[in-house]
Amino acid sequence: MAAGEAVKKKVVEKVEKVKPKRTTFSEILLGESRVMCRWRSSLWKILWKELLAYTCLFLIVSLIYRVALSEEQQIHFEMLARWCGKMYTGLPLTFLLGFYVALVVKRWWEQYCFLPWPDSIAFFLRGLVIGGDEEKNRMVRRTVIRYCLLSYVLCIRRLSVRLRKRFPTMQELIRTGLIRPDEAERVGEESSHEMYGSNWWMPLKWCAEILSKAMQDGVVKSPPGYNGLLGQIATFRSSLTKVATYGHIPVPLVYTQVVTLAVYVYFAVSLIGEQWQIRRQRNGKWEGDEIQLYYPIFMTVKFLFFFGWLRVAETLYNPFGEDDDDFELNGLINRHFKVAMNIVDETEDPPELQKDIFWGQSDPVLQDFPPWDDMYVTTMFNTD
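Each residue is numbered by its place in its chain's sequence as written, counting from 1. Predicted model: local features are reported for residues with pLDDT of at least 70 only, side-chain atom pairs are reported and counted for 80 or more only, and whole-chain, interface and lining totals are derived from all residues. Only hydrogens and water are set aside when side-chain values are computed; all heavy atoms of the structure are taken into account.

**What to know about the confidence of the model for the chain**
The line we're drawing: Per residue, pLDDT measures the predictor's confidence, with a range of 0 to 100. Labels follow the DSSP assignment, with helices taken as runs of H or I lasting at least four residues and strands as runs of E lasting at least two, numbered in each case from the N terminus.
When the pLDDT values of the chain are averaged, the result is 83; 83% of them are 70 or greater. Of all secondary-structure elements in the chain, the lowest mean pLDDT belongs to helix α2 (residues 25-30), at 53, while helix α11 (residues 202-216) reaches the highest, 94.

Now the structure itself:
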C-alpha cells in the first residue's frame, strides 16, 4: 500500500508540472505547424527559380515599355496590353488545372494504397502452419514470407528509381539473402524493360506450391485455413499487379501537354496584359493606370497558385522517383521484412492472462486519470 501511495504521489507531481501552452502571435499568423515557413517539399522550393525568372522578364518588358519606346510606340503597346488583358482572362485555366491535379493526386494516393503489406499473410501463416515439427513449420512460414517480399521487390523495382539504385541487378538481391543463387537462376536476370517482361510473379507461384505440399503433409491442417492463405497470397499478387499497371499506363500525354501549354501561354500573354500603363491625357481623356506600382503583385499571387498547381501535378506524377514527396520504399521494405519475419518466427509467449482494471464494471469508462485504487496501481505500475 505504501508503494502505491508513493507512485500516486509521483504521478500527481508530474501532472501538476504540466503547464498550459500559450499561443504565440506567430502561431496565430502562420498556424501552429508553421507550414508556410517550411522549405522541404514546399511551394517556395519548387517555384522560386521560375518566379524569379518570370519577375525579371516582367520588369524587363516594363523597362523597355517605359524607357526604350517612343510615345507613339508606347500608345500602340498599351493598346496591345489592353487587348491581351481581355483575351487571356478567358482561358479556362482553373478548370483544366483543377481536374488535372485532382486526377494526378488521386492516382498518387491510390498507388500507395495498393502497395501490399505482408502482415496479413504473416498472421495467417503464424496461426495455420502449425501441424508439423517446429523447424519444418518455421521453414515453411519464413520461406513463404521471403518469397512474397521477393515478388514485391522484383515488381516495384521496375517502377522505383530508389529500388533500382539499391538493387540494380539480381546479384545485389542475392547478397542481401532475399533470394538464393539457384532461385535467381530460375527467375532470370530481370533486366527487360518491357511491360510484361518480368517474372516477378514466379515466387508467388512457389508460395502456392509450398502451401499445397504443406496441406498434403499435414503441416496445414485446416482446409478453410488453406483457402484463406491462398486468398491472401492472391490478394497480395493482385495489389502488386494494380501498382504495376499504374506505372505502365500513365495519364494520357495529350492531356498533360494541353494543361502545360495552357499555363505557359496564360503567363506569357500576361507579361504584356498585366503591365502597369503610363497615365496620360489623350484626346481629352485620361488613359492608363492611376497607380504605378511597377511590380506585378497580383500576378505573382496568380503565378504561385497556378504554377504551384502544375508543379504539384509534376511532382506527384511519378511517386516512385526521388522527389521529397515520393514514396520512401527502402524504409518500407525494411519495415515489412522485419515485422513479417518477427510475426512468423517469434517464439515468445503472449503476456499472462490477468483481470483488467475494468473487471466487474457494468459500464466501463475510459478516464485519463482513473480513480486511485490498489488494483489500478498494481496493474499499471507493477507494484505489490
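**Quick word on the pattern of salt bridges**
As a working rule, side chains carrying opposite charge can pair if their charged atoms are close by. What counts is decided by this rule: Salt bridges are defined as contacts in which a side-chain nitrogen from Lys or Arg sits within 4 Å of a carboxyl oxygen from Asp or Glu.
This model, assessed by the stated rule, comprises 14 salt bridges. With a shortest N-O distance of 2.9 Å, Asp345 and Arg142 are connected by a salt bridge. Of this pair, Asp345 sits in helix α15 (residues 329-345) while Arg142 is found in helix α7 (residues 134-156), placing the two residues 203 residues apart along the sequence. In this structure, Glu328 and Arg162 form a salt bridge, with 2.9 Å as the shortest nitrogen-oxygen distance.

**A short note on α15**
Applicable threshold: Helices are assigned an expected span. That span is 1.5 Å times one less than the residue count. Any pair of residues with heavy atoms lying within 4.5 Å of one another is described as a contacting pair.
Between its first and last C-alpha atoms α15 spans 24 Å; for 17 residues at 1.5 Å apiece the expected length is 24 Å, and the two agree. Residues of α15 that are buried in the fold lie against α6 (119-128), α7 and α8 (161-166).

**Comments concerning the environment of Val258**
Let me state the cut-off plainly: Residue burial is assigned from relative accessible area. The probe radius is 1.4 Å, only protein chains are included, and a residue is buried under 20% of its type maximum, exposed over 50%, and partly exposed in between.
Tracing the sequence through the fold places Val258 in helix α13 (residues 253-273). Val258 gets classed as partly exposed once you look at its relative accessible area, which sits at 39%. The spatial distance from the C-alpha of Val258 to the C-alpha of Leu96 is 8.5 Å, given a sequence separation of 162 residues.

**Description of the environment of Arg138**
Stated formally: The term polar contact refers here to a pair of N or O atoms within 3.5 Å; inside protein, the definition further demands a hydrogen-donor-capable atom paired with an acceptor-capable atom, and it admits residues adjacent in sequence only when both atoms are side-chain atoms.
Within the fold, Arg138 resides in helix α7. Residue classification places Arg138 among the partly exposed positions, given a relative accessible area of 33%. Considered as a pair, Arg138 and Arg126 are twelve residues apart in the sequence and their alpha carbons are 8.9 Å apart. Within the local environment of Arg138, its side chain forms a polar contact with the side chain of Asp345, the two groups lying 2.4 Å apart.

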